[in-house]
Amino acid sequence: MALVPYDDTAVGALQKLHISSSTYHFFNHTIQIKQNWKQLGVAAVVWDAAVVLCTYLEMGGIDLRGHSVIELGAGTGLLGIVATLLGAHVTITDREAALAFLESNVQANLPPDLQPKAVVKELTWGRDLMNFSPGDFDFILGADIIYLEETFVDLLWTLEHLCSEHTVILLSCRIRYERDQNFLKMLKGQFSVHEVHYDPSSDVHIFKAQRSAPKEDL
Ligand SMILES: C[S@@+](CC[C@H](N)C(=O)[O-])C[C@H]1O[C@@H](n2cnc3c(N)ncnc32)[C@H](O)[C@@H]1O
(Lines give C-alpha, C1' and ligand atoms only; values in the text may rest on other atoms or scores of the structure.)
Protein backbone atom coordinates (compact mmCIF):
# COMPACT_ATOMS: atom_id res chain seq x y z
CA MET A 1 0.00 0.00 0.00
CA ALA A 2 1.39 3.44 -0.92
CA LEU A 3 1.68 6.24 1.60
CA VAL A 4 -1.19 8.33 0.25
CA PRO A 5 -1.62 12.01 1.06
CA TYR A 6 -4.24 12.52 3.71
CA ASP A 7 -7.57 14.15 2.87
CA ASP A 8 -7.81 17.03 5.32
CA THR A 9 -9.50 20.08 3.85
CA ALA A 10 -8.93 22.79 6.48
CA VAL A 11 -6.57 25.40 5.02
CA GLY A 12 -4.69 25.94 8.30
CA ALA A 13 -4.17 22.22 8.68
CA LEU A 14 -2.87 21.96 5.13
CA GLN A 15 -0.39 24.78 5.68
CA LYS A 16 0.98 23.05 8.78
CA LEU A 17 1.60 19.91 6.72
CA HIS A 18 4.00 21.70 4.38
CA ILE A 19 6.35 23.00 7.08
CA SER A 20 9.68 21.14 6.88
CA SER A 21 10.14 20.92 10.63
CA SER A 22 8.14 21.54 13.77
CA THR A 23 9.32 22.09 17.34
CA TYR A 24 7.76 20.81 20.58
CA HIS A 25 8.63 21.08 24.25
CA PHE A 26 7.87 18.12 26.51
CA PHE A 27 9.49 17.13 29.81
CA ASN A 28 12.08 19.93 29.59
CA HIS A 29 13.24 18.68 26.21
CA THR A 30 13.03 20.51 22.92
CA ILE A 31 12.00 18.09 20.20
CA GLN A 32 12.58 19.08 16.60
CA ILE A 33 10.67 16.92 14.15
CA LYS A 34 11.48 16.89 10.43
CA GLN A 35 8.45 16.73 8.16
CA ASN A 36 8.21 15.74 4.50
CA TRP A 37 4.59 15.71 3.40
CA LYS A 38 5.41 15.88 -0.30
CA GLN A 39 7.48 12.69 -0.34
CA LEU A 40 5.92 10.55 2.38
CA GLY A 41 2.44 11.98 2.98
CA VAL A 42 0.64 11.19 6.24
CA ALA A 43 3.59 9.38 7.82
CA ALA A 44 5.90 12.37 7.63
CA VAL A 45 3.93 15.07 9.42
CA VAL A 46 2.96 15.44 13.07
CA TRP A 47 -0.78 15.15 13.66
CA ASP A 48 -2.66 16.95 16.44
CA ALA A 49 -3.62 13.62 17.95
CA ALA A 50 0.07 12.90 18.68
CA VAL A 51 0.55 16.29 20.33
CA VAL A 52 -2.59 15.85 22.45
CA LEU A 53 -1.51 12.38 23.61
CA CYS A 54 2.00 13.68 24.45
CA THR A 55 0.40 16.51 26.45
CA TYR A 56 -1.82 14.00 28.25
CA LEU A 57 1.28 11.99 29.20
CA GLU A 58 3.05 15.14 30.36
CA MET A 59 0.03 16.05 32.51
CA GLY A 60 0.43 12.68 34.23
CA GLY A 61 -2.60 11.05 32.57
CA ILE A 62 -0.71 7.76 32.61
CA ASP A 63 2.71 6.97 34.03
CA LEU A 64 4.80 5.07 31.50
CA ARG A 65 8.03 5.10 33.53
CA GLY A 66 9.80 1.75 33.46
CA HIS A 67 7.06 0.21 31.33
CA SER A 68 7.27 -1.55 28.02
CA VAL A 69 5.44 0.35 25.28
CA ILE A 70 4.71 -0.18 21.60
CA GLU A 71 3.55 2.61 19.33
CA LEU A 72 1.59 1.73 16.18
CA GLY A 73 1.58 3.97 13.09
CA ALA A 74 4.20 6.23 14.65
CA GLY A 75 4.75 8.45 11.60
CA THR A 76 7.44 10.98 12.57
CA GLY A 77 7.85 9.37 16.00
CA LEU A 78 6.96 12.34 18.25
CA LEU A 79 4.83 10.22 20.60
CA GLY A 80 7.40 7.41 20.81
CA ILE A 81 10.15 9.94 21.48
CA VAL A 82 8.13 11.53 24.30
CA ALA A 83 7.33 8.10 25.79
CA THR A 84 11.07 7.29 25.76
CA LEU A 85 11.95 10.61 27.39
CA LEU A 86 9.41 9.70 30.06
CA GLY A 87 11.40 6.60 30.95
CA ALA A 88 9.60 3.86 29.02
CA HIS A 89 11.17 1.19 26.79
CA VAL A 90 9.51 1.87 23.47
CA THR A 91 9.13 -0.11 20.25
CA ILE A 92 8.22 2.52 17.67
CA THR A 93 6.56 1.01 14.61
CA ASP A 94 5.17 1.90 11.22
CA ARG A 95 5.12 0.56 7.68
CA GLU A 96 8.40 -0.18 5.91
CA ALA A 97 8.17 2.93 3.69
CA ALA A 98 8.02 5.21 6.73
CA LEU A 99 10.86 3.67 8.74
CA ALA A 100 13.98 5.54 7.52
CA PHE A 101 12.36 8.93 8.12
CA LEU A 102 11.00 7.78 11.47
CA GLU A 103 14.40 6.45 12.56
CA SER A 104 16.12 9.72 11.66
CA ASN A 105 13.69 11.74 13.79
CA VAL A 106 14.05 9.32 16.71
CA GLN A 107 17.87 9.41 16.56
CA ALA A 108 17.97 13.20 16.27
CA ASN A 109 15.81 13.71 19.34
CA LEU A 110 16.98 11.21 21.94
CA PRO A 111 20.10 11.77 24.03
CA PRO A 112 22.69 8.95 23.63
CA ASP A 113 21.82 7.33 26.98
CA LEU A 114 18.18 6.94 25.92
CA GLN A 115 18.82 5.70 22.36
CA PRO A 116 18.93 2.03 23.43
CA LYS A 117 15.49 2.42 25.02
CA ALA A 118 13.80 3.15 21.69
CA VAL A 119 13.70 0.56 18.90
CA VAL A 120 12.26 1.41 15.50
CA LYS A 121 10.69 -1.62 13.81
CA GLU A 122 8.37 -2.43 10.94
CA LEU A 123 4.86 -3.34 11.94
CA THR A 124 2.29 -3.31 9.17
CA TRP A 125 -1.05 -4.00 10.82
CA GLY A 126 -2.15 -7.59 10.50
CA ARG A 127 1.15 -8.76 8.98
CA ASP A 128 3.95 -10.89 10.47
CA LEU A 129 2.53 -10.46 13.95
CA MET A 130 4.55 -13.44 15.16
CA ASN A 131 7.50 -10.97 15.29
CA PHE A 132 5.79 -9.43 18.33
CA SER A 133 5.01 -11.56 21.35
CA PRO A 134 1.63 -11.11 23.01
CA GLY A 135 2.09 -9.84 26.53
CA ASP A 136 5.43 -8.14 25.83
CA PHE A 137 3.88 -4.70 26.14
CA ASP A 138 2.31 -2.91 29.10
CA PHE A 139 1.01 -0.13 26.87
CA ILE A 140 0.02 0.19 23.23
CA LEU A 141 -0.08 3.76 21.93
CA GLY A 142 -1.58 5.04 18.70
CA ALA A 143 -2.14 8.61 17.53
CA ASP A 144 -4.38 9.27 14.55
CA ILE A 145 -4.28 5.71 13.31
CA ILE A 146 -8.05 5.30 12.94
CA TYR A 147 -8.60 6.72 9.47
CA LEU A 148 -8.37 4.06 6.76
CA GLU A 149 -11.43 1.84 6.67
CA GLU A 150 -9.61 -0.89 4.74
CA THR A 151 -7.12 -1.24 7.63
CA PHE A 152 -9.70 -1.49 10.45
CA VAL A 153 -9.87 -5.29 10.57
CA ASP A 154 -6.07 -5.61 10.48
CA LEU A 155 -5.62 -2.87 13.09
CA LEU A 156 -8.08 -4.55 15.44
CA TRP A 157 -6.42 -7.91 14.85
CA THR A 158 -3.04 -6.33 15.68
CA LEU A 159 -4.38 -4.87 18.94
CA GLU A 160 -5.88 -8.23 19.86
CA HIS A 161 -2.60 -10.01 19.12
CA LEU A 162 -0.45 -7.60 21.14
CA CYS A 163 -2.79 -7.26 24.09
CA SER A 164 -2.60 -9.39 27.20
CA GLU A 165 -4.82 -9.06 30.28
CA HIS A 166 -2.58 -6.34 31.73
CA THR A 167 -2.03 -4.29 28.57
CA VAL A 168 -3.51 -0.79 28.35
CA ILE A 169 -4.24 0.67 24.91
CA LEU A 170 -4.33 4.46 24.46
CA LEU A 171 -5.64 5.75 21.15
CA SER A 172 -5.94 9.44 20.34
CA CYS A 173 -7.97 10.50 17.34
CA ARG A 174 -10.14 13.10 15.75
CA ILE A 175 -13.43 11.52 14.70
CA ARG A 176 -13.71 12.86 11.19
CA TYR A 177 -16.10 10.45 9.52
CA GLU A 178 -18.78 7.94 10.44
CA ARG A 179 -16.37 5.16 9.52
CA ASP A 180 -14.14 6.25 12.43
CA GLN A 181 -17.10 5.65 14.76
CA ASN A 182 -17.42 2.21 13.17
CA PHE A 183 -13.90 1.36 14.23
CA LEU A 184 -14.68 2.44 17.79
CA LYS A 185 -17.71 0.12 17.71
CA MET A 186 -15.47 -2.72 16.51
CA LEU A 187 -13.01 -1.90 19.31
CA LYS A 188 -15.80 -1.93 21.90
CA GLY A 189 -16.77 -5.39 20.69
CA GLN A 190 -13.37 -6.75 21.81
CA PHE A 191 -12.25 -4.43 24.60
CA SER A 192 -13.55 -2.37 27.45
CA VAL A 193 -13.25 1.18 26.07
CA HIS A 194 -13.47 4.53 27.91
CA GLU A 195 -12.85 8.07 26.76
CA VAL A 196 -10.28 9.49 29.19
CA HIS A 197 -9.64 12.91 27.65
CA TYR A 198 -11.02 15.33 25.08
CA ASP A 199 -9.17 18.36 23.79
CA PRO A 200 -11.77 20.80 22.43
CA SER A 201 -9.24 23.09 20.76
CA SER A 202 -8.08 20.33 18.41
CA ASP A 203 -11.20 18.14 18.64
CA VAL A 204 -9.04 15.15 19.62
CA HIS A 205 -10.32 12.35 21.83
CA ILE A 206 -8.22 9.90 23.83
CA PHE A 207 -9.65 6.43 24.37
CA LYS A 208 -8.32 3.85 26.81
CA ALA A 209 -9.04 0.22 26.02
CA GLN A 210 -8.33 -2.95 27.97
CA ARG A 211 -9.31 -6.58 27.70
CA SER A 212 -10.62 -6.70 31.23
CA ALA A 213 -12.23 -4.12 33.53
CA PRO A 214 -10.10 -0.94 33.81
CA LYS A 215 -7.51 -1.03 36.57
CA GLU A 216 -7.78 1.97 38.90
CA ASP A 217 -4.02 2.05 39.56
CA LEU A 218 -2.95 2.63 35.90
C1 LIG B 1 -2.30 10.07 10.22
S2 LIG B 1 -0.73 9.30 10.37
C3 LIG B 1 -0.37 9.49 12.13
C4 LIG B 1 1.11 9.53 12.39
C5 LIG B 1 1.48 9.79 13.86
N6 LIG B 1 0.96 8.73 14.70
C7 LIG B 1 0.99 11.13 14.33
O8 LIG B 1 -0.09 11.18 14.96
O9 LIG B 1 1.65 12.14 14.07
C10 LIG B 1 -1.13 7.56 10.27
C11 LIG B 1 0.07 6.64 10.40
O12 LIG B 1 -0.41 5.28 10.32
C13 LIG B 1 0.48 4.55 9.47
N14 LIG B 1 -0.24 3.44 8.85
C15 LIG B 1 -1.25 3.50 7.95
N16 LIG B 1 -1.64 2.27 7.58
C17 LIG B 1 -0.85 1.41 8.25
C18 LIG B 1 -0.76 -0.01 8.28
N19 LIG B 1 -1.57 -0.78 7.52
N20 LIG B 1 0.15 -0.58 9.09
C21 LIG B 1 0.97 0.20 9.85
N22 LIG B 1 0.94 1.55 9.87
C23 LIG B 1 0.04 2.15 9.07
C24 LIG B 1 0.96 5.58 8.44
O25 LIG B 1 2.16 5.17 7.82
C26 LIG B 1 1.10 6.81 9.31
O27 LIG B 1 2.37 6.91 9.88
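Residues numbered from 1 in each chain as written. Predicted model: local features only at pLDDT ≥ 70, side-chain atom pairs only at ≥ 80, totals over all residues. Heavy atoms only, no water.

Each pair of packed helices can be described by the angle between their axes along with the distance between the axes. Direction vectors running N to C along helix α3 (residues 48-58) and helix α4 (residues 78-85) enclose 10 degrees, while the axes themselves pass 9 Å from each other. With respect to α4, the element α3 is oriented roughly parallel. Considering how the two elements wind past one another, α3 and α4 form a crossing that is right-handed. Contacts from Val51, Leu53, Cys54 and Leu57 in α3 reach Leu78, Leu79 and Val82 in α4. A class-by-class count of the residues in the contact of α3 with α4 yields seven nonpolar, no polar and no charged. (Axes fitted to C-alpha atoms, helices over the stretch in contact; angles between N-to-C directions. Helix = DSSP H or I, 4+ residues; strand = E, 2+ residues; numbered from the N terminus. Parallel < 35°, antiparallel > 145°, perpendicular 65-115°, else oblique. Left-handed = near helix turned anticlockwise from the far one by under 90°. Contact = heavy atoms within 4.5 Å. Nonpolar A, V, L, I, M, F, W, Y, C, P; charged D, E, K, R; others polar.)

Taken as a whole, helix α5 (residues 99-109) has its buried residues at Leu99, Phe101, Leu102, Asn105, Val106 and Asn109. For α5, the buried positions fall inside an angular range of 165 degrees around the axis, keeping them on one side. Away from its buried face, by an angle of more than 90 degrees, α5 presents the exposed residues Ala100 and Ala108. For α5, the secondary structure elements touched by its buried residues are β2 (29-34), α2 (37-40), α4, β4 (89-94) and β5 (118-122). (Buried < 20%, exposed > 50% of the residue type's maximum accessible area, 1.4 Å probe, protein only. Arc of directions from axis to C-beta.)

What follows concerns the nonpolar core. Formed by 40 residues in total, the largest nonpolar core has its most connected members in Ile31, Ile62, Leu64, Leu78, Ile92 and Val106. Looking at this core, the element that brings in the most residues is α3, giving seven residues. Formed by 26 residues, the second largest nonpolar core is a distinct cluster that contains Leu72, Leu156, Ile169 and Leu171. (Core = buried A, V, L, I, M, F, W, Y, C linked by side-chain atoms within 4.5 Å.)

With that settled, the discussion passes to the side chain of threonine 76. Mapped onto the secondary structure, threonine 76 falls in the loop between β3 (68-72) and α4. Residues in contact with threonine 76, not counting those within four places in the same chain, are Ile33, Lys34, Ala43, Ala44, Val45, Val46, Phe101, Leu102 and Asn105.

Where helix α6 (residues 152-162) contacts helix α7 (residues 178-190), the two axes come as close as 11 Å, and the packing angle between them is 30 degrees. On the basis of the axis angle, α6 is roughly parallel to α7. Regarding α6 and α7, the two cross each other, and that crossing is right-handed. For the pair formed by α6 and α7, the contact residues are Phe152, Val153, Leu155, Leu156, Leu159 and Glu160 on the first element and Arg179, Asp180, Phe183, Met186, Leu187 and Gln190 on the second.

Here we take up the site of the ligand. Around the ligand, the surrounding shell holds 19 residues, and the nearest of these are Trp47, Gly73, Asp94, Trp125 and Ala143. Within the backbone of glycine 75, a nitrogen or oxygen atom sits 3.4 Å from an oxygen atom of the ligand. Its residues placed into classes, the shell around the ligand shows twelve nonpolar, four polar and three charged. (Near = heavy atom within 4 Å. Polar contact = N/O pair within 3.5 Å; in protein donor to acceptor, adjacent residues only side chain to side chain.)

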